[in-house]
Amino acid sequence: AQKVTQAQTEISVVEKEDVTLDCVYETRDTTYYLFWYKQPPSGELVFLIRRNSFDEQNEISGRYSWNFQKSTSSFNFTITASQVVDSAVYFCALSDLNTGNQFYFGTGTSLTVIP
Amino acid sequence: NAGVTQTPKFQVLKTGQSMTLQCAQDMNHEYMSWYRQDPGMGLRLIHYSVGAGITDQGEVPNGYNVSRSTTEDFPLRLLSAAPSQTSVYFCASRKGQGRYGYTFGSGTRLTVV
């Protein structure tokens, strides 16, 4: 069965520290897609990144980077030099081709960056 | 381009009342879904639709109805509100399955007293 686990419920870091948010997924499919969303205190859900199962290259976007490792079924998200504006709940999600519209969300990690 | 529009943003209901949460998207997306978000439980799927006239149940469908008469609109009806339905509700749409991510509405904070 498909499942996304975000074991870190809450994380607090001091501004300028690096922080990694963990995401572990389960799927039997060979073709699938992984996503990260950000939910700032204002409440909206914002798309950050999508990665497909055939592309294991790490991706960097400014202070954000993502590490996808199929061997450990993980898709971790690192924020370098964290800022107060990074304070949010971050959701990891899995989408595959064999379960219709199902889009599996993790339970989220609440990140607080302390100034 | 408005994306996904949800109304209202806030609502207080008394137990037993009914109401409809409105959702409209202008991206011509086939797939639309309703999620509820509760503390510590992430986002749980209530109902979804893969096209006009087609709807199906998600993980937590009890107490809710949906219909999809047009591609643009996907209203969520609470039949007889209960305190357990106090939550934040998100409507979302996506172009298709698989590689397509969701675009979310801004959410509706519902309180049932």
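Scroll up a little and you will see the structure.
Note that the coordinates shown come from a computational prediction; the quantities given were computed from them, not determined experimentally. (Residues numbered from 1 in each chain as written. Chains lettered and ligands numbered in written order. Predicted model: local features only at pLDDT ≥ 70, side-chain atom pairs only at ≥ 80, totals over all residues. Heavy atoms only, no water.)

(A) Seen up close, the overall build of chain A. Across its full length, chain A holds zero helices and 12 strands. The N-to-C order of helical and strand elements in chain A reads β-β-β-β-β-β-β-β-β-β-β-β. In terms of C-alpha radius of gyration, chain A reaches 14 Å, essentially the compact-globule figure of 13 Å for 115 residues. For the C-alpha atoms alone, the extent of chain A along its principal axes is close to 45 × 25 × 20 Å. Considering only contacts in chain A between residues 6 or more positions apart, those separated by 24 or more positions represent 55%. (Helix = DSSP H or I, 4+ residues; strand = E, 2+ residues; numbered from the N terminus. Rg over C-alpha atoms; globule rule 2.2 N^0.38 Å. Contact = heavy atoms within 4.5 Å.)

(B) Seen up close, the interface of chain B and chain A. Across the boundary between the two partners, chain B contributes 21 residues, which contact 18 residues of chain A. Here chain B is connected to chain A by zero salt bridges. Between the two partners, chain B and chain A, sit five residue pairs in polar contact (both at pLDDT 80 or more). In the side of chain B that touches chain A, the residues fall into 12 nonpolar, seven polar and two charged. (Salt bridge = Lys/Arg side-chain N within 4 Å of Asp/Glu carboxyl O. Polar contact = N/O pair within 3.5 Å; in protein donor to acceptor, adjacent residues only side chain to side chain. Nonpolar A, V, L, I, M, F, W, Y, C, P; charged D, E, K, R; others polar.)

(C) A look at the state of the cysteines. Residues and elements named next belong to chain B. In total, this model carries two disulfides over all chains according to the counting rule given. Each sulfur of the disulfide joining C23 and C91 lies 1.8 Å from the other. Measuring handedness by torsion sign, the sulfur bridge of C23 and C91 sits at about -70 degrees and is left-handed. Linking C23 in strand 3 (residues 19–25) with C91 in strand 9 (residues 87–94), this pair joins segments that are 68 residues apart in sequence. Pair check on accessibility: C23 and C91 agree, each one buried. (Disulfide = S-S within 2.5 Å. Buried < 20%, exposed > 50% of the residue type's maximum accessible area, 1.4 Å probe, protein only.)

(D) Up close: the packing of aromatic side chains. Across all of its chains, the model carries 25 aromatic pairs over all chains by this definition. Arranged with centres 6.2 Å apart and planes meeting at 45 degrees, the rings of Y25 of chain A and F68 of chain A form a pair that is tilted. Remark: F68 of chain A occurs in strand 8 (residues 64–69) and Y25 of chain A occurs in strand 4 (residues 24–26); sequence separation between them is 43 residues. Comparing Y25 of chain A with F68 of chain A, the two get one shared label, buried. One aromatic cluster is present, built from ring pairs that chain together F35, Y37, F47, F91, F103 and F105 of chain A together with Y35, F90, Y102 and F104 of chain B. The ring of F74 of chain B has R68 of chain B lying over it, and the distance from NZ or CZ to the ring centre is 6.0 Å. Taking the ring centre of Y102 of chain B as reference, the NZ or CZ of R94 of chain B above it sits at 5.1 Å. (Phe/Tyr/Trp six-rings, centres within 6.5 Å; stacked < 30°, edge-to-face > 60°. Lys NZ or Arg CZ within 6 Å of the ring centre and 35° of its normal.)

(E) Spotlight on the sheet that holds strand 3 of chain B. Residues and elements named next belong to chain B. Pairing is antiparallel in the open sheet, where four strands are placed in the order 1-3-8-7. What marks the edges here is a single partner per strand, and that holds for strand 1 (4–7) and strand 7 (64–66). Neighbour to neighbour, the strand axes of the sheet diverge by 20 degrees on average, direction disregarded. With three bridges connecting them, strand 3 and strand 8 (residues 76–78) associate as antiparallel partners. Bridged to T20 within strand 8 is R77. (Pairing = 2+ DSSP bridges. Axes fitted to C-alpha atoms, helices over the stretch in contact; angles between N-to-C directions.)

(F) Seen up close, the pattern of salt bridges. All names here are of chain A. Counted by the stated rule, this structure contains five salt bridges over all chains. Ionic pairing is found between R63 and D86, a salt bridge with its closest N-O pair at 2.8 Å. Taken together, the residues span a long stretch of sequence, with R63 in the loop between strand 7 (59–61) and strand 8 and D86 in the loop between strand 9 (74–79) and strand 10 (88–96) at a distance of 23 residues. Classification of R63 by relative accessible area gives partly exposed; the value is 24%. Overall, D86 belongs to the buried group, its relative accessible area being 1%.

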